[in-house]
Amino acid sequence: MDELDVAVVGAGIAGLSAAHHLAAAGREVRVFEGAERVGGRMASTRVDGWLLDEGAETIAGAGYEATWELIRAVGIPESEVPVIEPGFALWRGGRAHAHLGRPKGLLTGAGLSWRGRAAWVRFAMELATSWRGFDPDRPETAPSRDLTLSEFCAGSAGREELLAAMLQPLSSHCFGWRPESSGVAPMVATLMSVGGAGARWMTYRDGMDTLARRLAERLRVELGSRVTAVQEQPGGAGVRLEFADGAEVVARQVVLAVPAPLALELHGTAAEDARPYLAASTFTPMLKVACLLDRPLPSPTRSPSYAMSVPESESRVCTGVILDHLKAEGRAPEGQGLASVFASPWISPELMDEPDERVVETVCTEAERFLPGLRDATVRTLVHRFRLGLPQGSPAAVRERAAFLARPARAVEYAGDWVMLRPSSEGAVRSGKLAAERVLAFAAERSGVVGASGVSGVGACGAVAVPAPRVAEPDGVEAEVAETDAVRSDVAAPEDAVAVAVPAPRAAEPDGVEPGAVRSDAAANAPGGQAGGAAETAEVA
């Protein structure tokens, strides 16, 4: 049986972040990924000249410090992370309204009445006063406590309009959330972390998987290695990993960089002080359709908008669209276009197991209302299913997180944006850094190094670094390969691009300029988010 130093399960951005920081601290790390490619929530696909971001769409210039740290570490130049110039829109009252979530929207309305705009201003003032000093990395400490979005906005006509015309559309489009079951604290934490309205959003020129691929080149990553069980050995004799092909390995320490429900399934003997938060960290399914177009559809607003959210009051089928050819150059062949249509959280569970044809017919027919000409322009569609889409940000998770962070470091640690209760790729990157700190703290404690134990919270990775007995050399694994149906550790991609809905009380300075999808193709004659679960591809004639 192979013996390892540190095993990381999952080559999404959380797992690769953890592996990077551990390798930098001198530990020998091997990453196991069930899919035949890396990226998870940051996955991208190249199809006949189109570049599809399956999950995360953007990163931010502010509030994504951990991501920019990795970008600099692997040498990605700023020119490869261009700023997205068009804005975000809202469909309301039969038309698209530009400048959603931006200061100019206060003047134009962005779909809100004067009462709704006043509520927007009052909400911003509340963030600047009663929320002052709130740490976005600790949503559980928010003044709103464990209130859901619906509960937080109840009882005020203005705030209820703010919910209906801003917070609900954005949370449903970006995170797949329903306002009655997801907490306001995680959403506000995400908004405040990027500086609120006016944040700069960027994307990777060569696809959202760029950072993951570059990290994997420096690490030892084993693709197509699906872990089925993780078991701590008696007497502190390491952790045994079992694989789908019957193989087994034992590692000194393990990082489970997978969605919480999968972590519970794999690690059935998780410690009692970790289980409540693991169980509370539920995920929302997400479903979207990529439409490859024979021509670029125009912005839905006069002032260019690359994306548009659709409120529940307007549609319970389509929650938003993105015009990828407006987001960045190179997403479609010259003279052609690309659009992503997102199913709403009210219909995604119903459609998750339906044939591709029905998904496309249902979602894209509805999207035609918001993007006229979509059906005629579409030459091919790809359906992306994410059973474990994004952390739900449930009230129970808000309540349980503090105890989870305070638990002692152990031989098995966890990574993923659910750990940070921040549904974004930055949350995943930060969780990987935190997991690495805890791995190092546990090793230091076991070896008797004074002052290197008891790490909790988010700090600078490496502060407690202790060299391991062996150091691995990177073997240049390049992981840009085809998808597989063996994904067990991919996490769905959040819509980082639109997580800024309201002005925040403070804006961070830009640092450097920054949720296994199931994918299938539907026919060209069919009409016309973000990643966990299995991956499969099928052509439909």
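Computed from a predicted structure; not experimentally measured. (Residues numbered from 1 in each chain as written. Predicted model: local features only at pLDDT ≥ 70, side-chain atom pairs only at ≥ 80, totals over all residues. Heavy atoms only, no water.)

1. Remarks on the overall build of the protein chain
Counted only if it meets this: Helix and strand definitions follow DSSP, with helices as H or I runs of at least four residues and strands as E runs of at least two, each counted in order from the N terminus. For every residue, the accessible area (1.4 Å probe, protein chains only) is compared with the maximum for its type, and the residue is labelled buried under 20%, exposed over 50%, or partly exposed between those bounds. Surface accessibility in these figures is a Shrake-Rupley result with a 1.4 Å probe; residues are shielded only by whichever protein chains are displayed.
When you go through the protein chain residue by residue, the secondary structure sums to 17 helices and 19 strands. Expressed as a percentage of the 541 residues in the protein chain, the buried residues total 63%. With the model as given, the accessible surface of the protein chain reaches about 18,100 Å², and the carbon-plus-sulfur share is 50%.

2. Some remarks on unusual backbone geometry
One non-glycine residue, Arg145, lies in the positive phi region at around 55 degrees. Inspection of the secondary structure puts Arg145 in the loop between α4 (114-129) and α5 (149-153). Here Arg145 falls in the exposed class, since its relative accessible area comes to 65%. Non-glycine residue Leu421 carries a positive phi angle of around 55 degrees. Tracing the backbone shows Leu421 in the loop between α16 (417-420) and α17 (425-447). Classification of Leu421 as buried rests on a relative accessible area of 3%.

3. Topic: helix α8 (residues 210-217)
Which entries qualify depends on this criterion: What makes two residues a contact is simply this: any of their non-hydrogen atoms within 4.5 Å.
A large share of α8 lies buried, amounting to six of its eight residues. For α8, the set of buried residues is Thr210, Leu211, Ala212, Arg213, Leu215 and Ala216. Buried residues in α8 make contact with α1 (13-24), β3 (44-47), α2 (65-74) and β9 (220-223).

4. Description of the pattern of salt bridges
To keep it simple, the criterion reads: Salt-bridge detection follows one rule: a side-chain nitrogen of Lys or Arg within 4 Å of a carboxyl oxygen of Asp or Glu.
Taken as a whole and judged by the stated rule, the model has 41 salt bridges. The partner of Arg380 in a salt bridge is Asp48, and the shortest N-O contact between them spans 3.2 Å. One end of the pair, Arg380, is in strand β17 (residues 378-391); the other, Asp48, is in the loop between β3 and β4 (50-53), with 332 residues separating them in the sequence. The buried category is assigned to Arg380, whose relative accessible area is 19%. Between Glu161 and Arg92 there is a salt bridge, and its shortest N-O distance comes to 3.2 Å. Within this pair, whereas Glu161 is found in helix α6 (residues 157-175), its partner Arg92 is found in strand β6 (residues 87-92), the two being separated by 69 residues in sequence. Relative accessible area serves as the criterion here: at 8%, Glu161 is assigned to the buried category.

5. Some thoughts on the packing of aromatic side chains
The description of an aromatic ring pair rests on the distance of the ring centres and on the angle between the ring planes. Inclusion rule: Working definition: a ring pair exists when centres of Phe, Tyr or Trp rings (six-membered ring for Trp) sit within 6.5 Å. Plane angles under 30 degrees give stacked, over 60 give edge-to-face, the rest tilted. By the criterion adopted, a ring carries a charge over it if an Arg CZ or a Lys NZ lies within 6 Å of its centre and within 35 degrees of its normal.
With the rule as written, the count across this model stands at 12 aromatic pairs. With centroids separated by 5.0 Å and ring planes inclined at 65 degrees, the aromatic side chains of Phe32 and Phe243 adopt a geometry described as edge-to-face. Residue Phe32 is located in strand β2 (residues 29-33), and its partner Phe243 is located in strand β11 (residues 239-243); the two are separated by 211 residues in the primary sequence. On the basis of relative accessibility, which here comes to 2%, the residue Phe32 falls in the buried class. Geometrically, the ring pair formed by Trp131 and Phe134 is edge-to-face, given 5.3 Å between the ring centres and 90 degrees between the ring planes. Assigned by exposure class, Trp131 and Phe134 land together as buried. Members of the aromatic cluster, connected to one another through ring pairs, are Tyr277, Phe404, Tyr414 and Trp418. When the ring centre of Trp114 is taken as origin, the NZ or CZ atom of Arg117, which lies over that ring, is 3.8 Å away. When the ring centre of Phe404 is taken as reference, the NZ or CZ atom of Arg407 above it lies at 3.8 Å.

6. Points about the environment of Phe404
Turning to its location among the elements, Phe404 is positioned in helix α15 (residues 395-406). As a C-alpha pair, Phe404 and Val419 span 15 residues in sequence and 8.8 Å in three-dimensional space. Beyond its immediate sequence surroundings of up to four residues, Phe404 is in contact with Asp273, Ala274, Tyr277, Tyr414, Trp418 and Val419.

7. Some points on the nonpolar core
Here is the rule: As used in this record, nonpolar core signifies buried Ala, Val, Leu, Ile, Met, Phe, Trp, Tyr and Cys residues forming a set joined through side-chain atoms within 4.5 Å.
Counting 46 residues, the largest nonpolar core has Leu16, Ile59, Tyr204 and Leu211 as the members making the most contacts within it. Mapped by element, the contributors of at least two residues to this core are β1 (2-9), α1, β2, β5 (59-60), α2, β8 (201-202), α8 and α17. Formed by 38 residues, the second largest nonpolar core is a distinct cluster that contains Ala251, Ala260, Ala263 and Phe404.

8. Focus: the packing of α2 against α8
The description of two packed helices rests on the angle between their axes and on the distance between the axes. Selection rule: Only C-alpha atoms enter the line fits that serve as axes; for helices the fit covers just the stretch in contact. Angles between N-to-C directions range over 0 to 180 degrees. Working definition: roughly parallel below 35 degrees, roughly antiparallel above 145 degrees, roughly perpendicular at 65 to 115 degrees, and oblique for all remaining angles. Rotating anticlockwise by less than a right angle from the far helix to the near helix defines a left-handed crossing, while the corresponding clockwise rotation defines a right-handed one. Gly counts as polar in this scheme, as do all residues outside two lists: the nonpolar Ala, Val, Leu, Ile, Met, Phe, Trp, Tyr, Cys and Pro, and the charged Asp, Glu, Lys and Arg.
Following both chains from N to C, one finds α2 and α8 inclined at 55 degrees, their axes separated by 10 Å at the closest point. Comparing their axes, α8 and α2 come out oblique. The two elements α2 and α8 meet at a crossing, and its hand is left-handed. Contacts between α2 and α8 involve Thr67, Leu70, Ile71 and Val74 on the former and, on the latter, Leu211, Arg214 and Leu215. Split by residue class, the contact of α2 with α8 holds five nonpolar, one polar and one charged.

9. Points about the packing of α1 against α17
Remark: α1 packs on α17, axes separated minimally by 7 Å, with the N-to-C direction vectors making an angle of 40 degrees. Viewed along their axes, α1 and α17 adopt a mutual orientation that is oblique. As for the relative orientation of α1 and α17, their crossing is right-handed in sense. Across from Ile13, Ala14, Ser17, Ala18, His21 and Leu22 in α1, the residues of α17 making contact are Ser425, Ala428, Val429, Ser431, Gly432, Lys433, Ala436, Val439 and Leu440.

10. Structural notes on the confidence of the model for the protein chain
Note the cut-off: A score between 0 and 100, pLDDT records how confident the predictor is in each residue.
Mean pLDDT over the protein chain works out to 84, with 82% of the residues at or above the 70 mark. Segment residues 450-541: pLDDT under 50, and 362 contacts once partners within four positions in sequence are set aside and those in other chains are kept.

11. A word on the state of the cysteines
Operational definition: Counting rule for disulfides: a pair of cysteine sulfur atoms within 2.5 Å.
Scanning all chains against the criterion turns up zero disulfides. The structure places no disulfide on Cys318, whose sulfur is separated from the nearest cysteine sulfur, that of Cys364, by 8.5 Å. Judged by its relative accessible area of 0%, Cys318 is buried.

12. Let's talk about the environment of Ala339
Inspection of the secondary structure puts Ala339 in strand β16 (residues 337-343). Measuring from C-alpha to C-alpha, the distance between Ala339 and Leu293 comes to 7.4 Å, with 46 residues separating the pair along the chain. The residues touching Ala339, leaving out its near neighbours within four places in the chain, are Val289, Ala290, Cys291, Leu293, Ile322, Leu323, Asp324, Leu371 and Leu374.

13. A look at the side chain of Asp53
Rules: Two N or O atoms count as a polar contact when they lie within 3.5 Å, although within protein this holds only if one can serve as hydrogen donor and the other as acceptor, and sequence-adjacent residues are included solely when both atoms are side-chain atoms.
Structurally, Asp53 is set in strand β4. Its relative accessible area of 3% is what places Asp53 among the buried residues. There is a polar contact of 2.9 Å between the side chain of Asp53 and the side chain of Ser44. Here Asp53 is in contact with Ala43, Ser44, Thr203, Gly207, Met208, Lys288, Lys327 and Arg331, once residues within four sequence places are set aside.

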